[in-house]
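Coordinate inspection notes
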Amino acid sequence: MNDTPDASSTPPAPSPIKKEKKEDSFPVFLIKLVLVVAIFRSFIFSPFNIPSESMLPRLENGDYLLAAKWPYGYSKYSLPFSAPLLPKRFFAGQPERGDVAIFKAPPGNDIDYIKRVIGLPGDTVQMKDGVLHLNGKAVPKQRIEDFVIAVTPNTDCISREFAVTEADGRQTCHYPQFRETLPTGKSYNVLDLGPRDADTTAPVLVPEGQLFLMGDNRDNSLDSRFPAMEGGGIGLVPQDNLVGRAAIMMWSTDGSANWFLPWTWFTAARWDRIGGTF
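What you see is a predicted model, and the numbers here were worked out from it, not measured in a lab.

Before going further, it helps to spend a moment on the side chain of Asp216. Considering the arrangement of structural elements, one finds Asp216 in the loop between strand 13 (210-214) and strand 14 (237-238). Not counting residues up to four positions away in its chain, the partners in contact with Asp216 are Ser54, Met55, Leu56, Pro57, Arg58, Arg116, Tyr188, Asn189, Val190 and Leu191.

Here the focus is empty space enclosed by the protein. Tallied over the entire structure, the rule returns one cavity of 30 Å³ or more. Counted as a void, the largest cavity has a volume near 50 Å³. As for the largest cavity, its lining consists of Met127, Gly130, Lys141, Glu180, Val190, Leu191, Asp192, Asp199, Arg218 and Asp219. Residue classes in the lining of the largest cavity are distributed as three nonpolar, one polar and six charged.

All chains considered together, the criterion is met by 12 salt bridges. Between Arg273 and Glu60 there is a salt bridge whose closest N-O contact spans 3.2 Å. Of this pair, Arg273 sits in the segment after helix 2 (264-267) while Glu60 sits in the loop between strand 1 (45-49) and strand 2 (63-68); the two residues are 213 residues apart in sequence, bridging distant segments of the chain. The exposure class of Arg273 is buried, given its relative accessible area of 16%.

Okay, a nonpolar patch on the surface next. On the surface, Tyr64, Met250, Trp251, Trp259, Phe260, Leu261, Trp263, Trp265, Phe266 and Trp271 cluster together into a nonpolar patch covering about 1,200 Å² of accessible area. Put simply, the parts of the chain that give the nonpolar patch at least two residues each are strand 15 (242-252) and helix 2. Turning to its location among the elements, Phe266 is positioned in helix 2.

In strand 1, alternate side chains face the same way, and those of Ser46 and Phe48 are buried while those of Phe45, Pro47 and Asn49 on the opposite face are not. Pairing of strand 1 with strand 2, which is carried by five bridges, proceeds in the antiparallel orientation. Paired with Asn49 across the two strands is Tyr64, which belongs to strand 2.

Parameters at a glance
Residues numbered from 1 in each chain as written. Predicted model: local features only at pLDDT ≥ 70, side-chain atom pairs only at ≥ 80, totals over all residues. Heavy atoms only, no water. Helix = DSSP H or I, 4+ residues; strand = E, 2+ residues; numbered from the N terminus. Contact = heavy atoms within 4.5 Å. 1 Å grid on protein atoms, 1.4 Å probe; cavity = no way out; pocket = protein on both sides within 12 Å on 5 of 7 lines; lining within 4 Å. Points joined across faces, edges and corners; volume = space filled by probe spheres on them. Nonpolar A, V, L, I, M, F, W, Y, C, P; charged D, E, K, R; others polar. Salt bridge = Lys/Arg side-chain N within 4 Å of Asp/Glu carboxyl O. Buried < 20%, exposed > 50% of the residue type's maximum accessible area, 1.4 Å probe, protein only. Patch = residues over 30% accessible without salt bridge, like charges linked within 9 Å, V, L, I, M, F, W, Y side chains within 5 Å. Areas by Shrake-Rupley, 256 points an atom, 1.4 Å probe, with all protein chains shown as cover. Pairing = 2+ DSSP bridges.

Set out below in structure tokens:
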């Protein structure tokens, strides 16, 4: 007789008890979400909207873009509300001429501005009769077709001389447009509305740690050509004030949308502008 126990009759070993995963409470979830958004906005991308026409023709009032935070490094101005948590700029990166940069505007250093980087430390910048000069040499400026933009709730002509009624009755603004090419080969379009006081300036040597920034709408931009003052120019901008580099257009609206009429959110969109890069 075989006294060996039958394996089939042996009771199975108890399986380990699985601990139920505890779900986060809503307040904990909310805190995690805020932290993720804060990290994303501080170190990766941050949204920025265009509130003026100083960067026409590249940027229009009503554009919404994402600014890349890592190209210029991180300082307190990279953080939400400029929280003073970083004593200096870390991983600092030098901008390139022609970059479209977002920064905290002097002298208050509390409002986000957007301009194009023109002069780097050591450069001498000067305007002569509406022509940009870098280090004593004129930057090539070629006349191209007029820039045409529709009159909308976000946009009106700067003066009547640029207002046009098209054959179909649409109201538009026609601005003289030029192609400017920096010594690096970087090209972009600028507007020149005719003779203005800031068309000729004294030469400015850009000191170490600072930048000379200009708007592409040369005759409608208070930039580094003007002394830093609240509601006025910005003077030379410290590199520590940099927030990020314009990266991608995520939305654009002509301002005609009505929050209570959802279909207007789509008819007001400028679809051809969305997704553009810099």
